[in-house]
Amino acid sequence: MVDLKWSELPFGYIKTNYNVRAYFKNGNWSKLEITDKEHIDIHMAATCLHYGQEAFEGMKAYRGKDGKIRLFRWEENWKRLQNSANGILMEPVPKDLFFEMLKTVVLKNEEFIPPYGTGASLYIRPLLFGSGVRVGVKPADEYTFLIFVTPVGPYFKEGFKPVKIAIIRDSDRAAPLGTGTLKVGGNYAASLRGGERVHAEGYGAPMYLDAIEKKYIDEIGAANFFAIKDGTYITPKSSSILPSITNKSLIQLVEHLGYKAERRPVREDELSGFEEVGACGTAAIISPIGEIKDLDSGEVYKYCPDGKPGPISTKLYETLLAIQYGDMEDPFGWVTFLD
Ligand SMILES: Cc1ncc(COP(=O)(O)O)c(C=O)c1O
């Protein structure tokens, strides 16, 4: 195992041993290629550079107490990448190739999978892009798919604590009939302005409202929104948010734990009536929210009066983490072992 300060690792890039690549050309996918090169050789007229033909995924491998390597719901990431590829007319990656590359890249970099108990994990970044040459706006006829990994530290270095977020109205990350449900780079480019603005004002992430009426809650930065009220888990239904795999899992988990779950449009003015609110995604699982400020109206919504995350958010966070690291039995069949 490499010698790294696992618990102090940032959510950033650290060079590992290998990455894996495959190429779609003349109507066929190549075999996977294993390389230690960190750069890609790309034609200057490739569609990914000009027309944003690019999609990615974000997932993690975890090492359990038993030393075994675990993946969490990898098929869901493959399906979402499939959906992103279809949405912007790219060649989808076959499931067998996706899994073969995933397994290879994780096992080839085994020494970078953080030890159990450090709170760290191996972040996995699959990336698909149009590498074919076009000058007019048209889909490419050649694609590159690669997966790299990098170890990342625990998201909350100071523990599971409430964060502050801000509602913004001066930028949208996606339009209702646009690409918001896809994990494509353009949405992230569109979110940079909002993200940087709220960071500069001291907030952890921006809350986006629906692009048409600015009345319904869409997403929070790169995470889905959820709220708890009267024992019900409530999360937005919207045609401009990314279908989070963590959120989908929390819905199943909450129902398994005996609570109710609702996926429906959620109005901003409901915020004052919620008992707990949070953001969910692969990076942090759950970021409990202690305060939401509407930067236009000045309205402030407060949660966690004792400074601690609410009981249901805490239970969900601990249970999902325990399933991912194998501390608890996985009743859903979400975990794939990689040895
Ligand atoms: C815009 C956006 N929303 C939500 C999520 C959370 O999705 P997941 O739970 O699949 O990580 C992410 C992260 O992937 C994201 O980038």
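Residues numbered from 1 in each chain as written. Predicted model: local features only at pLDDT ≥ 70, side-chain atom pairs only at ≥ 80, totals over all residues.

Asker: I'm lost on helix H3 (residues 95-108) in this one. Help?
Answerer: The α-helix advances 3.6 residues per turn, and as a result positions three or four apart in sequence lie on the same side. Here H3 contains 14 residues, and its C-alpha end-to-end distance of 20 Å stays within 8% of the 20 Å for a straight helix at 1.5 Å per residue. Those residues of H3 that fall on the buried side of the exposure criterion are Phe98, Met101, Leu102, Val105 and Val106. Around the axis of H3, the buried residues are gathered within 120° of arc, so they sit on the same side. Summarising the contacts, the buried residues of H3 are in contact with strand S1 (19-25), strand S5 (59-63), strand S6 (69-72), helix H2 (74-87), strand S7 (121-130) and strand S8 (143-152). (Helix = DSSP H or I, 4+ residues; strand = E, 2+ residues; numbered from the N terminus. Expected span 1.5 Å × (residues − 1). Buried ≥ 20, exposed ≤ 12 C-beta atoms within 10 Å, placed from the backbone. Arc of directions from axis to C-beta. Contact = placed C-beta atoms within 7 Å.)

Asker: What is the right way to read the domain arrangement of the protein from this model?
Answerer: As a measure of interface size, the accessible area lost when the parts come together is often cited. Entries for the protein in the domain assignment read domain 1 (6-152) and domain 2 (163-322). The straight-line distance from the C-alpha centre of domain 1 to that of domain 2 is 26 Å. With 17 residues of domain 1 in contact, the opposing surface of domain 2 contributes 11 residues. The greatest single-element share of the side of domain 1 that touches domain 2, amounting to six residues, is contributed by H2. Across the side of domain 1 that touches domain 2, the residue classes tally to five nonpolar, six polar and six charged. (Domains from an automatic or database assignment. Nonpolar A, V, L, I, M, F, W, Y, C, P; charged D, E, K, R; others polar.)

Asker: Would you mind going over the packing of helix H5 (residues 245-256) against helix H6 (residues 311-325) with me for this structure?
Answerer: Between two packed helices, both the angle of their axes relative to each other and the distance between the axes serve to describe the pair. At a minimum axis distance of 11 Å, the contact between H5 and H6 shows a crossing angle of 110°. As the angle between them shows, H5 and H6 are arranged roughly perpendicular. The segment H5 lies against H6, with Ser249, Leu250, Leu253 and Val254 engaging Leu316, Thr319 and Leu320. The residue inventory of the contact of H5 with H6, partitioned by class, reads five nonpolar, two polar and no charged. (Axes fitted to C-alpha atoms, helices over the stretch in contact; angles between N-to-C directions. Parallel < 35°, antiparallel > 145°, perpendicular 65-115°, else oblique.)

Asker: Explain the nonpolar core to me, please; I cannot follow it from the model alone.
Answerer: The nonpolar side chains of a soluble globular protein tend to be buried with one another. Formed by 84 residues in total, the largest nonpolar core has its most connected members in Ile124, Leu128 and Ile165. With six residues, S8 is the largest single contributor of residues to this core. Counting contributing residues, this core receives three or more from each of domain 1 (6-152) and domain 2 (163-322). Those residues in contact with isoleucine 165 that sit more than four places away from it in its chain are Tyr203, Gly204, Ala205, Met207, Ile220, Ile289 and Ile292. (Core = buried A, V, L, I, M, F, W, Y, C linked by C-beta atoms within 7 Å.)

Asker: Sorry if this is basic, but what is going on with helix H4 (residues 185-200) here?
Answerer: For H4, spanning 16 residues, the distance from its first C-alpha to its last is 23 Å, which sits close to the expected 22 Å at 1.5 Å a residue. Residues of H4 that are buried include every one of Asn187, Ser191, Gly194 and Val198, and no others. Buried-residue contacts for H4 involve strand S9 (163-168) and strand S10 (205-209). Once H4 ends, the next one or two residues include glycine 202, with phi positive near 90°.

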